[in-house]
Amino acid sequence: MLSTNDLRVSYGMSEVIHGISLTVGENETLAIMGRNGMGKTTLFKSLIGILPAQGSIAMQGNNITGDKAYQRVRKGIAYVPQGRMVFPTLTVEENIATGLEATGKKKIPNDIYELFPVLHDMRHRKAGNLSGGQQQQMVIGRALAADPKVLLLDEPTEGIQPSIIKQLAKTLNEIKQLRGLSIVVSEQVLSFAMAVADRVMVIEKGQIVHEEDGKSADQKKIASYLAV
Amino acid sequence: MGGYTGEELTAIFLMQGFSGLSLFCVFLLMALGLAIIFGQMGVINMAHGEFLTLGAYITYLVSYLASDTWPFLLDYYFPVAIALAFLGTFILGYLVERFLIRFLYNRPLDTLLATWGLGLILQQIFRSVFGPREKSVVLPDWLMGSFQASDMVDIPINGVMVVALTVVMTIGVFFLLYRSRWGIKVRATTQNRAMANAAGINTEKVDRLTFALGCGIAGVAGAAFTTIASTGPTTGSLYIVDTFLVVVFGGAASLLGTVASAFGIAQSQSILSFFLSGSMAKVITLMTVVGILMFRPQGLFASKVRR
């Protein structure tokens, strides 16, 4: 579905991502684990096209390395950034509608409000006045409105209480079933990653250092990578 | 209020109030464009006044053509002139964004200098093409004269027309920004350009059209301006400071605030200038605005959300 080959990203002169090659299969959830500062967010920003990258990124076999972010969204990649990045003075409904631009549709698909009923109740509120958990649901809704084939989620559990993290894992699995899409999620919370991932990768200092199947994963080993 | 009877005072207030209303309309039309460009995009467009001047000169050209070449069209030229003024300034705005402004986002001081330079260039072009003397348009008959409300109150018809035009434009901009899909794109882009792009919005296109629209509205302001005063190369630059004041005082990015502050500033200038001198009126208005802004730096109306 989505693949990269020898992806390198630099801030100025210093290279942060040192040649990552990965492939996400159809209807697969790939969890990318790693401590802070290991390059997770940088990797995600280069995948969606906010940061320029060397090497190549391909979507369904088509090279998209030179595409701008909005063009990648039109080709089926949607992005949920770390820190949520809502449009604070737009209403919830308008926030979700920004995702529709990529599809040309006029109406927000019903299944988004079915997945997140709280968004329907609050659709006329300003997004800036929602709680962190509600904002997180809203930006996932915004990403789904673009009707993606691959959903990129950068640390979706950041700043969210444990009971809601469990709920979020359930919702993600539901979305994957419902829409038949692939998910790439970066994560530090091991239990969350185990609940959603078909495959786990560990990133350290801008390189993939470990990879294994999600179901049979050696949790102790992954935890040792995450320990400081 | 030395020596005026109550009836005279009422008439004075009404007529000065109405002349203030005409001033308010020019302020508001210019400020609407700036509210979009400065309030939404954060670009300080010092050449905004020159877009008004360009709109006024386009109107002058159309009226000149109508009165000189096809006199029978004189009655109808004005709507055409408004459309052409909008179109001309819209296109120039589009080109300016494409070749100048888009390299300067997030560098407000640079946009200020670049657009100021652009303003000077445009002024000189106007001076070379139209000459330094002020030009006035030939008004069609239906725009001349006044409407006698009572013995002492005269309401000029051209003023009424400008007010009507302003109301239509304001409502139009409101619907575009707050009730249309395009408005969602504009507001999303201006709040977070990178994220809007990653949400699937072609932000470059949005920026270009937003800037062009703001300039187009200034062009319409220019067309309206020709009915109440004559146009010279520096006409627009006389209004630019006042207009920025209106936008900042109203609270950037708030349309309602822009309307309220344009009204307040124009009315207080117009009514005060009858009783005091014009410059004293300006001093008092500016002092009041500065005073209020010290206590409410976000302007009169600011959107209430957590950041």
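Residues numbered from 1 in each chain as written. Chains lettered and ligands numbered in written order. Predicted model: local features only at pLDDT ≥ 70, side-chain atom pairs only at ≥ 80, totals over all residues.

Some thoughts on helix α7 (residues 162-179) of chain A
Residues and elements named next belong to chain A.
- Between its first and last C-alpha, α7 extends 26 Å over 18 residues, near the 26 Å set by a 1.5 Å rise per residue.
- If you check which residues of α7 are buried, you get Leu168, Ala169 and Leu172. The arc enclosing the buried residues of α7, seen along the axis, measures out at 105 degrees, which places them on a common side. In this structure, α7 carries Ser163, Lys170 and Gln177 as exposed residues pointing more than 90 degrees from its buried face.
- Packing partners of the buried residues in α7 comprise β8 (182-187) and α8 (190-196). (Helix = DSSP H or I, 4+ residues; strand = E, 2+ residues; numbered from the N terminus. Expected span 1.5 Å × (residues − 1). Buried ≥ 20, exposed ≤ 12 C-beta atoms within 10 Å, placed from the backbone. Arc of directions from axis to C-beta. Contact = placed C-beta atoms within 7 Å.)

A word on the sheet that holds strand β10 (residues 207-213) of chain A
Residue and element names in this part refer to chain A.
- Read from one edge of the open sheet, 6 strands run β6-β7-β8-β3-β9-β10, paired in mixed fashion. Where the open sheet ends on each side, the last strands, each with one partner, are β6 (77-80) and β10. Strand after strand, the sheet turns through a mean of 15 degrees between neighbouring axes, direction not considered. (Pairing = 2+ DSSP bridges. Axes fitted to C-alpha atoms, helices over the stretch in contact; angles between N-to-C directions.)

Some points on the UniProt feature "transmembrane region" (unreviewed entry) in chain B
All names here are of chain B.
- According to UniProt, the feature "transmembrane region" (unreviewed entry) maps to residues 12-39, 51-70, 76-96, 108-126, 155-178, 211-232, 244-265 and 272-295 in the numbering used here.
- Helix makes up 95% of residues 76-96 and strand 0%. Its end C-alpha atoms lie 31 Å apart.
- Each end of residues 211-232 is marked by a C-alpha atom, and these two atoms are 24 Å apart; helix forms 73% of the span and strand 0%. (UniProt positions renumbered as here; feature names shortened; annotations may be inferred.)

Some points on the packing of helix α9 (residues 235-250) of chain B against helix α10 (residues 255-275) of chain B
Residue and element names in this part refer to chain B.
- Running from N to C, α9 and α10 point in directions that differ by 130 degrees, and their axes come no closer than 8 Å. Classified by the interaxial angle, the pair formed by α9 and α10 is oblique. For the crossing formed where α9 meets α10, the hand is right-handed. On the side of α9, the interface is formed by Asp242, Leu245, Val246, Val247, Phe249 and Gly250, while α10 contributes Gly257, Thr258, Ala260, Ser261, Ala262 and Ile265.
- Broken down by class, the residue content of the contact of α9 with α10 amounts to 7 nonpolar, 4 polar and 1 charged. (Parallel < 35°, antiparallel > 145°, perpendicular 65-115°, else oblique. Left-handed = near helix turned anticlockwise from the far one by under 90°. Nonpolar A, V, L, I, M, F, W, Y, C, P; charged D, E, K, R; others polar.)

Describing the packing of helix α1 (residues 6-40) of chain B against α10(B)
All names here are of chain B.
- The geometry of α1 relative to α10 is characterised by a closest axis approach of 7 Å and an angle of 140 degrees between their N-to-C directions. Once α1 is placed against α10, the crossing between them reads as right-handed.
- Of the residues contributing to the contact of α1 with α10, the split by class is 17 nonpolar, 8 polar and no charged.

Observations regarding the pairing of strand β3 (residues 29-33) of chain A
Residue and element names in this part refer to chain A.
- Among the 5 residues in β3, 5 count as buried, and that is most of the element.
- Burial along β3 is two-sided: the residues Thr29, Ala31 and Met33 and Leu30 and Ile32 are all buried.
- Where β3 lies against β8, 5 bridges are found, and the strand directions are parallel. Along β8, the bridge assignment pairs Leu30 with Val184.
- Where β3 meets strand β9 (residues 199-204), 4 bridges bridge the pair, whose relative direction is parallel. Residue pairing for β9: Leu30 is matched across the bridge by Arg199.

Focus on the environment of B:Ala66
- With respect to the element layout, B:Ala66 can be found in helix α2 (residues 48-68).
- In the structure, B:Ala66 is positioned 74 residues away from B:Pro140 in sequence and 10.0 Å away in space, judged by C-alpha atoms.

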